[in-house]
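Examining the three-dimensional arrangement
If you want the building blocks of each chain, they are given just below.
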Amino acid sequence: MRTVQFPGLAGILPGYGRQKPNDWGLGMEIRGHKDPHWTGAHSSPRTFGHFGQSGSFLWVDPEAGLAAAFLGERRFGPDHVRIWPGITDAILERFAGGGAGR
């Protein structure tokens, strides 16, 4: 689930544009070194997760020892793109001392 299945494959990360590589496991997106990214600037490259059109997300950062879920009620859009990275960075700052990817 969290192991890259097709290394180096480029693709589109909805709301964040073309990523090369755009690594995915089995159903989970793997953060790697994508920039920009919905999990924020301080997530480790090993972070994996998924977000959907419902405006919800789930991520796991194994290096930080943290996971987070956000349950949305509005369809995914520009507000999510703008807000989600800061939410993740704040969680990492508060509970993991600034994040594993620093």
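The following paragraphs examine the structure supplied in this document. (Residues numbered from 1 in each chain as written. Predicted model: local features only at pLDDT ≥ 70, side-chain atom pairs only at ≥ 80, totals over all residues. Heavy atoms only, no water.)

Things to note about the overall build of the chain
For the chain, the count of helices and strands is one helix and six strands. Taken against the 2.2 N^0.38 rule, which gives 13 Å for 102 residues, the C-alpha radius of gyration of the chain at 13 Å falls within 12% of a compact globule. Overall, the C-alpha framework of the chain stretches about 35 × 30 × 20 Å when taken along its three principal axes. Across the 102 residues of the chain, 40% fall into the buried class. Side chains of the chain carry 11 positive and 9 negative charges; the gap between the two charge centres is 3 Å. (Helix = DSSP H or I, 4+ residues; strand = E, 2+ residues; numbered from the N terminus. Rg over C-alpha atoms; globule rule 2.2 N^0.38 Å. Buried < 20%, exposed > 50% of the residue type's maximum accessible area, 1.4 Å probe, protein only. Lys, Arg positive; Asp, Glu negative; His and termini not counted. Charge placed at Lys NZ, Arg CZ, Asp CG, Glu CD.)

Things to note about the sheet that holds strand E5 (residues 57-61)
Pairing in this open sheet of four strands is antiparallel, and the strands run E3-E4-E5-E6 from one edge to the other. At either margin of the open sheet sits one strand with a lone partner, and together these are strand E3 (29-30) and strand E6 (66-70). The pairing of E5 with E6 spans five bridges and is classified as antiparallel. Following the sheet pairing, Asp 61 is matched in E6 by Leu 66. (Pairing = 2+ DSSP bridges.)

Details of the packing of aromatic side chains
As enumerated under the stated definition, the model contains nine aromatic pairs in all. Residues Phe 70 and Trp 84 carry aromatic rings whose centres are separated by 6.3 Å and whose planes lie at 70° to one another, so their mutual orientation is edge-to-face. Taken together, the residues span a long stretch of sequence, with Phe 70 in strand E6 and Trp 84 in helix H1 (residues 78-96) at a distance of 14 residues. When its relative accessible area of 0% is taken as the criterion, Trp 84 is described as buried. The rings of Trp 38, Phe 51, Phe 57, Phe 70, Phe 76 and Trp 84 are connected pair by pair, giving a single aromatic cluster. (Phe/Tyr/Trp six-rings, centres within 6.5 Å; stacked < 30°, edge-to-face > 60°.)

A word on the side chain of Thr 47
Summarising the element assignment, Thr 47 is placed in the loop between E3 and strand E4 (48-51). Judged by its relative accessible area of 1%, Thr 47 falls in the buried class. If near-sequence neighbours (up to four positions away) are discounted, Thr 47 is found in contact with Glu 29, Ile 30, Arg 31, Thr 39, Trp 59, Val 60, Asp 61 and Pro 62. (Contact = heavy atoms within 4.5 Å.)

Describing unusual backbone geometry
Trans is the common state for peptide bonds, and a negative phi is the common state for residues other than glycine. Note the cis peptide between Lys 20 and Pro 21, where omega equals 0°. Along the chain, the position of Pro 21 falls in the loop between strand E2 (17-19) and E3. In the segment running from Asp 35 into Pro 36, the intervening peptide bond is cis, with an omega of 5°.

Some thoughts on the nonpolar core
Grouped together as the largest cluster of nonpolar side chains are twelve residues: Leu 13, Tyr 16, Trp 38, Phe 51, Phe 57, Trp 59, Ala 64, Leu 66, Ala 68, Phe 76, Trp 84 and Leu 92. Only E5, E6 and H1 provide two or more residues apiece to this core. Among all residues touching Ala 68, those that are not within four sequence positions of it are Phe 57, Leu 58, Trp 59 and Ile 91. (Core = buried A, V, L, I, M, F, W, Y, C linked by side-chain atoms within 4.5 Å.)

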